[in-house]
Amino acid sequence: MSEPLVSLKWERGALVLLDQTRLPDELSYIRCTDYREVGKAIFRLSVRGAPAIGVAAAYAMVLAYQEIEKTVPKEQQKEAFLSAGGELISSRPTAVNLSWAVHEMIRTWDSLPKGNKLEGLTERARAIEEEDKILCSRMADHGADLFKGKKNLRILTHCNTGALATAGIGTAFGVIYRLHERGQIERVYADETRPLLQGARLTGTELMANHIPCSLISDNMAGWVMKEKHIDAVIVGADRIAANGDAANKVGTYSLAVLCAYHHIPFYITAPFSTFDFSISSGDEIRIEERNPEEVRQIKGVYTAPKDIPVFNPAFDVAPHTLITGIITEKGVLTPPYDVAIKEYERSLH
């Protein structure tokens, strides 16, 4: 694959998304000129990963205004803008970066003078994209610094948290990338991440593209790999983090946290400020998205189960804060007690 892996780009008044549902077989792009197209792309996982979803949502709000400015009377434009934001948020309710970005664009709308708001909204969306790139680099540095002086590291990760999930080098993958740059990685073990295989299709692609030594494993091998391969740490991302440190992430993360506790392996979450939901006290308040049962019954249109078998298909689970060794952020690594650490972190953002 010769082209660089970039999850999205703003190009001449349109949002261009890499269609991640087609990877690794095909490098295909979707050009979105309508915010509804972006919402559909988020829902079907053409763009995914909490930070990338947030950036895409910011640009989608620019697309919404481009339409509203031309078709809606001035006195009704704010209502239409809010409505577009609501539609976008409903496309994937668990990832808080989505709602954060939409509300950030609404705040920007409110702060801009009357008249043409397009330039100001576009500037804010671009700033959100650039902020994500900077945050990824800072998280990579803070996470890699946890392993100073250590060589031949064996890291296990889950789902996809790299350039395909962000606007930068990634969250958890960014830490792995930085450790590889520093010559500290012996091998990365990547869960394939059923049912949609983001680890196999996406993280596998990124590991190979960056020449990082790796092995792909099925999700149910993780415990045995921890025992037999002497894993030094598990590093994953998050889609929403509660005020007590409970972290929602791609389903399978909870199992890894439990396995790490048993095997005495450090378990790290990596996420920027936009992933924290300071308004909820615990993971019990996180709404877990349930997806189409066909995602479990088949792989790429080929049924691997009875066509009418009942399916439970949660897209996420929640790792309790009691099982999390540290939360790697752009400002440093948060450690227990998380209710105190996260309050201090929130204050530092203002």
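Here, every reference points to the structure presented above.
What counts, and where the lines are drawn
Residues numbered from 1 in each chain as written. Predicted model: local features only at pLDDT ≥ 70, side-chain atom pairs only at ≥ 80, totals over all residues. Heavy atoms only, no water. Phe/Tyr/Trp six-rings, centres within 6.5 Å; stacked < 30°, edge-to-face > 60°. Helix = DSSP H or I, 4+ residues; strand = E, 2+ residues; numbered from the N terminus. Buried < 20%, exposed > 50% of the residue type's maximum accessible area, 1.4 Å probe, protein only. Lys NZ or Arg CZ within 6 Å of the ring centre and 35° of its normal. Pairing = 2+ DSSP bridges. Right-handed = clockwise from strand over helix to strand, strands pointing away. Polar contact = N/O pair within 3.5 Å; in protein donor to acceptor, adjacent residues only side chain to side chain. Contact = heavy atoms within 4.5 Å. Axes fitted to C-alpha atoms, helices over the stretch in contact; angles between N-to-C directions. Left-handed = near helix turned anticlockwise from the far one by under 90°. Nonpolar A, V, L, I, M, F, W, Y, C, P; charged D, E, K, R; others polar. Salt bridge = Lys/Arg side-chain N within 4 Å of Asp/Glu carboxyl O. Core = buried A, V, L, I, M, F, W, Y, C linked by side-chain atoms within 4.5 Å.

Let's talk about the packing of aromatic side chains
Two descriptors summarise a pair of aromatic rings, namely the distance from one centre to the other and the angle between the planes of the rings.
Here is step 1 of the chain: For the structure on display, the rule yields eight aromatic pairs.
Here is step 2 of the chain: Relative to Tyr268, the ring of Phe147 lies with its centre 6.2 Å away and its plane at 75°, an arrangement referred to as edge-to-face. Pair noted here: Phe147 is in the loop between helix H5 (118-145) and strand E4 (153-157) and Tyr268 is in strand E10 (residues 267-270), with a separation of 121 residues, a long-range link. Across the pair, Tyr268 and Phe147 agree in class, each one buried.
Here is step 3 of the chain: Judged by centre distance (5.8 Å) and plane angle (15°), the rings of Phe276 and Phe278 are stacked.
Here is step 4 of the chain: Pairwise contacts between aromatic rings join Tyr65, Phe81 and Trp109 into one cluster.
Here is step 5 of the chain: Lying over the aromatic face of Trp109, Lys117 brings its terminal NZ or CZ to 5.2 Å of the ring centre.
Here is step 6 of the chain: The ring of Phe316 carries Lys250 above its face, with NZ or CZ at 4.8 Å from the centroid.

With respect to the pairing of strand E6 (residues 214-217)
Here is step 1 of the chain: As defined by bridge partners, strand E5 (residues 185-191) adjoins E6 across four bridges and the pair is classed as parallel. Counted as the bridge partner of Asp191 is Ile217 from E6.
Here is step 2 of the chain: Read as a crossover between parallel neighbours, the route from E5 over helix H7 (residues 198-209) to E6 is right-handed.

What to know about unusual backbone geometry
Here is step 1 of the chain: Here the bond from Leu23 into Pro24 is cis, since omega is 0°, no more than 30 degrees from zero.
Here is step 2 of the chain: Along the chain, the position of Pro24 falls in the loop between strand E2 (14-18) and strand E3 (29-32).
Here is step 3 of the chain: Each neighbour pair has its own omega, and for Arg194 with Pro195 the value is 5°, a cis peptide bond.
Here is step 4 of the chain: Topologically, Pro195 is positioned in the loop between E5 and H7.

Considerations on the environment of Pro337
Here is step 1 of the chain: Inspection of the secondary structure puts Pro337 in the loop between strand E15 (332-334) and helix H11 (338-348).
Here is step 2 of the chain: Overall, the relative accessible area of 52% leaves Pro337 in the exposed class.

Description of the side chain of Thr193
Here is step 1 of the chain: Summarising the element assignment, Thr193 is placed in the loop between E5 and H7.
Here is step 2 of the chain: In terms of polar contacts, Thr193 uses its side chain to reach the backbone amide nitrogen of Gly199, at 3.3 Å.
Here is step 3 of the chain: If we ignore the near neighbours within four places in the chain, the residues touching Thr193 are His158, Cys159, Gln198, Gly199, Asp219 and Lys250.

Things to note about the packing of H5 against helix H6 (residues 172-181)
Here is step 1 of the chain: Direction vectors running N to C along H5 and H6 enclose 65°, while the axes themselves pass 8 Å from each other. Here H5 and H6 pass one another in a crossing that is right-handed. Where H5 approaches H6, its residues Ser137, Met139, Ala140, Asp141, Gly143 and Ala144 are matched on the opposing element by Gly174, Val175, Arg178 and Leu179.
Here is step 2 of the chain: Residues belonging to the contact of H5 with H6 are distributed by class as follows: five nonpolar, three polar and two charged.

Things to note about the pattern of salt bridges
Here is step 1 of the chain: For the coordinates displayed, the defined rule picks out 24 salt bridges.
Here is step 2 of the chain: Notably, a salt bridge pairs Asp25 with Lys300, separated by 2.6 Å at the nearest N-O pair. In this pair, Asp25 sits in the loop between E2 and E3 while Lys300 sits in the loop between strand E11 (298-299) and strand E12 (302-303), placing the two residues 275 residues apart along the sequence. The pair Asp25 / Lys300 is uniform in exposure class, with both members exposed.
Here is step 3 of the chain: With a closest N to O distance of 2.8 Å, Arg178 and Glu181 form a salt bridge. Placement of the pair is Arg178 and Glu181 together in helix H6, with a separation of three residues, close to one helical turn.
Here is step 4 of the chain: A single network of salt bridges, built from pairs that share partners, joins Asp141, Asp145, Arg178, Glu181 and Arg182.

Details of the packing of helix H2 (residues 50-71) against helix H3 (residues 77-90)
Here is step 1 of the chain: Axis separation between H2 and H3 bottoms out at 10 Å; the angle between their running directions is 145°. In this structure, H2 crosses over H3, and the sense of that crossing is right-handed. Between H2 and H3, the contacting residues are Ala57, Ala60, Met61, Ala64, Tyr65, Ile68 and Glu69 on the first element and Gln77, Ala80, Phe81, Ala84, Gly85 and Leu88 on the second.
Here is step 2 of the chain: Looking at side-chain class alone, the contact of H2 with H3 contains ten nonpolar, two polar and one charged residues.

Topic: the sheet that holds strand E8 (residues 240-241)
Here is step 1 of the chain: One open sheet accounts for three strands, arranged E8-E9-E13; its pairing is antiparallel. The strands lining the two open edges of the sheet, one partner per strand, are E8 and strand E13 (316-319).
Here is step 2 of the chain: Strand direction decides the pairing type here: E8 and strand E9 (residues 247-250), joined by two bridges, are antiparallel. Across the sheet, residue Arg240 finds its bridge partner in E9, namely Ala248.

Here we look at the nonpolar core
Here is step 1 of the chain: Grouped together as the largest cluster of nonpolar side chains are 88 residues, with contacts concentrated most on Leu15, Leu156, Val234, Ile241, Phe267, Ile269 and Ile327.
Here is step 2 of the chain: Broken down by element, the residue count for this core peaks at 14 residues, all from H2.
Here is step 3 of the chain: When residues no more than four places from it in sequence are discounted, the contact partners of Leu15 are Leu8, Lys9, Trp10, Ile30, Arg31, Cys32, Val38, Ala56, Tyr59 and Leu63.
Here is step 4 of the chain: In terms of nonpolar packing, the next biggest core, distinct from the first, is built from five residues, Leu5, Leu18, Leu23 and Leu202 among them.

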